[in-house]
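Close look at the chain arrangement
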Amino acid sequence: MHPSLQQDLSQFPQILDQVRQLAATFLAGLHERPVCPPLAAQQLKPGDDRLSDEGVGAQAALDYFWQRYADGISASAGPRYFGFVTGGVTPAALAADWLVSAIDQNSQLSHDTIAAAIELAAIEQLKSLLGLPADFSGTLVSGATMANFCGLAIGRQWLGERYGVNVAQQGMAALGKVQVLAASPHSSSEKALSMLGIGRDALQLVATLPDSEAIDPDALERHLAAHPTTPTLVLASAGTVNTVAFDNIPRLLALRERYGFWLHVDAAFGGIAASSPAYAPLLEGWQQADSITVDAHKWLNVPYDSAIQFTRHLALQMQVFQNQSAYLEAPDLRPDNYLHLTPENSRRFRALPLWMSLVAYGRSGVRDMVERNVQLAKRLGEGLAASRGFQLLAPVNLNVVCFALTDVVGDAEAARDGFLERLNQHGAIRCTATRYRGQPAVRAALVNWMTEEQDIALALEALRTCRFTAA
Ligand SMILES: *Cc1c(COP(=O)(O)O)cnc(C)c1O
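Read on for an overview of the structure. These figures come from a predicted structure and were not determined experimentally.

**Points about the overall build of the protein chain**
- In terms of helices and strands, the protein chain carries 15 helices and 11 strands.
- A compact globule built from 471 residues should have a C-alpha radius of gyration of about 23 Å, and the protein chain, at 24 Å, falls within 12% of that.
- Reported as C-alpha extents along the three principal axes, the dimensions of the protein chain are approximately 65 × 60 × 45 Å.
- When burial is assessed residue by residue, the protein chain has 53% of its 471 residues classed as buried.
- For the protein chain, restricting intrachain contacts to residue pairs at least 6 apart in sequence, the fraction spanning at least 24 positions comes to 72%.
- Roughly 20700 Å² of accessible area belongs to the protein chain as shown, and the carbon and sulfur atoms make up 54% of that amount.
- Of the side-chain charges in the protein chain, 36 are positive and 46 negative, and the distance between the mean point of each set is 5 Å.

Here it is as structure tokens:
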């Protein structure tokens, strides 16, 4: 054995102690760590990109990484990182994720590990938490982008079946043109359309309701009536990233009854709201969708990369993703036969952090995260509305605050960018840019389990401080 490997084999316990200590120190300092390290700290130092011949061993490599690069790590796991939609990591999920690498199971049905059974159990618990019925099956994928990809892939297969084509066998060309209808789709769906051979051009934007990002069902119906023979996928939003708008799913279901289309619901973070009786009505009807996307690494606070793809069409899913070989489990139709249900073959045991977090905190633990984040987002929104120089662009529907700067002299976009740069340098809170109804805007999305009242006070202080100071 190579001497560095030999040495590390004998020092496994010390290596684990060392990384535990680094992690503990990191977590203890998370509240003070900047959310956005300086650009220089995000780059490699000269001479660090060459492969050595002998290697230095794990402990020296850990030291080397930490001493040189810890300053380049953002506090994105902390309570005041409101950029994008960024969840943290619950202690149970972290513990499980460490184990995932230590035990290194291949999470497919192979009859030599519990991993697939735990994944199935995690899916069942999640269905119970979110009120999804028994006829849904689910699989863990790397993120909502892949969940959207899978949902649309199964929808593509379903369209083929309706038009007498097996797309998985014959390819998209045999089916021909498909239309994809949506009002405010997440950009990842367009990426999925590109990967699926459906093409980004297949997406047709449908009008929204006035002053909303939610789809106008009448506009959708006019479109469906005008193209009655075109194979159609409808992409509903259950929580848009700017204003957390929810499409009216019961209305979409009624249209599906009349016109026949595949209904995919992107509920990447909004779906977790179903864990609260107060917000579950926002998702009314999603129990009848054909496929659903839910992220685990956002509002469920498990580490990257983790999401769930749900569908009520397991057999079609298996037609798309089956992978037959003499040495592998046969594609028998069962919900835990993951090799034949997901884009990957070999798979990380990514269900364990989700399972362990659900076991550790239960129904009311998730509900607490959701309701606390919503309450704090409303608090942040009220604080901003009452502050000079800010304006809410939409009511705080759920957990995202979408706002703009007022009293701007000159270019609004440049002013917004300058403000965000000052905010990043300040370091206490991270918000990210967007455009809402043509206007340069800022978003704060609250999905971290640690966020509390005092974080909102600190956030408002940072926002007000950075609003009128010069660059
Ligand atoms: C974040 C998000 C996605 C993409 O999710 P990833 O996990 O980054 O792949 C898709 N849809 C919505 C609504 C999202 O919020």
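Following the structure, the description resumes.
**Some details on the packing of aromatic side chains**
- Scanning the entire structure with this criterion turns up seven aromatic pairs.
- With 6.3 Å between their ring centres and 40° between their planes, Phe-65 and Tyr-69 make a pair best called tilted. Of this pair, Phe-65 and Tyr-69 both sit in helix α3 (residues 58-69), four residues apart, roughly one helical turn.
- Assessed through its relative accessible area of 39%, Phe-65 is described here as partly exposed.
- An aromatic cluster of three or more residues is present, and its members are Phe-26, Phe-65, Trp-66 and Tyr-69.
- Looking at Arg-388, its charged tip hangs above the ring of Phe-468, at a distance of 4.2 Å from the centre.
- Here the basic side chain of Arg-467 rests over the ring of Phe-468, its NZ or CZ set 4.4 Å away from the ring centre.

**Quick notes on the nonpolar core**
- Within the largest apolar cluster, 63 residues are counted, with the highest numbers of intra-cluster contacts made by Trp-286 and Ile-292.
- It is helix α13 (residues 351-385) that provides the largest number of residues to this core, a total of eight residues.
- For Ile-292, the contacting residues outside a window of four places in its chain are Leu-132, Phe-136, His-264, Val-265, Ala-267, Trp-286, Ile-308, Gln-309 and Phe-310.
- Listed in part, the 29 residues of the second largest apolar core include Phe-149, Trp-158, Val-167 and Ala-182.

Quick notes on the rules
Residues numbered from 1 in each chain as written. Predicted model: local features only at pLDDT ≥ 70, side-chain atom pairs only at ≥ 80, totals over all residues. Heavy atoms only, no water. Helix = DSSP H or I, 4+ residues; strand = E, 2+ residues; numbered from the N terminus. Rg over C-alpha atoms; globule rule 2.2 N^0.38 Å. Buried < 20%, exposed > 50% of the residue type's maximum accessible area, 1.4 Å probe, protein only. Contact = heavy atoms within 4.5 Å. Areas by Shrake-Rupley, 256 points an atom, 1.4 Å probe, with all protein chains shown as cover. Lys, Arg positive; Asp, Glu negative; His and termini not counted. Charge placed at Lys NZ, Arg CZ, Asp CG, Glu CD. Phe/Tyr/Trp six-rings, centres within 6.5 Å; stacked < 30°, edge-to-face > 60°. Lys NZ or Arg CZ within 6 Å of the ring centre and 35° of its normal. Core = buried A, V, L, I, M, F, W, Y, C linked by side-chain atoms within 4.5 Å.

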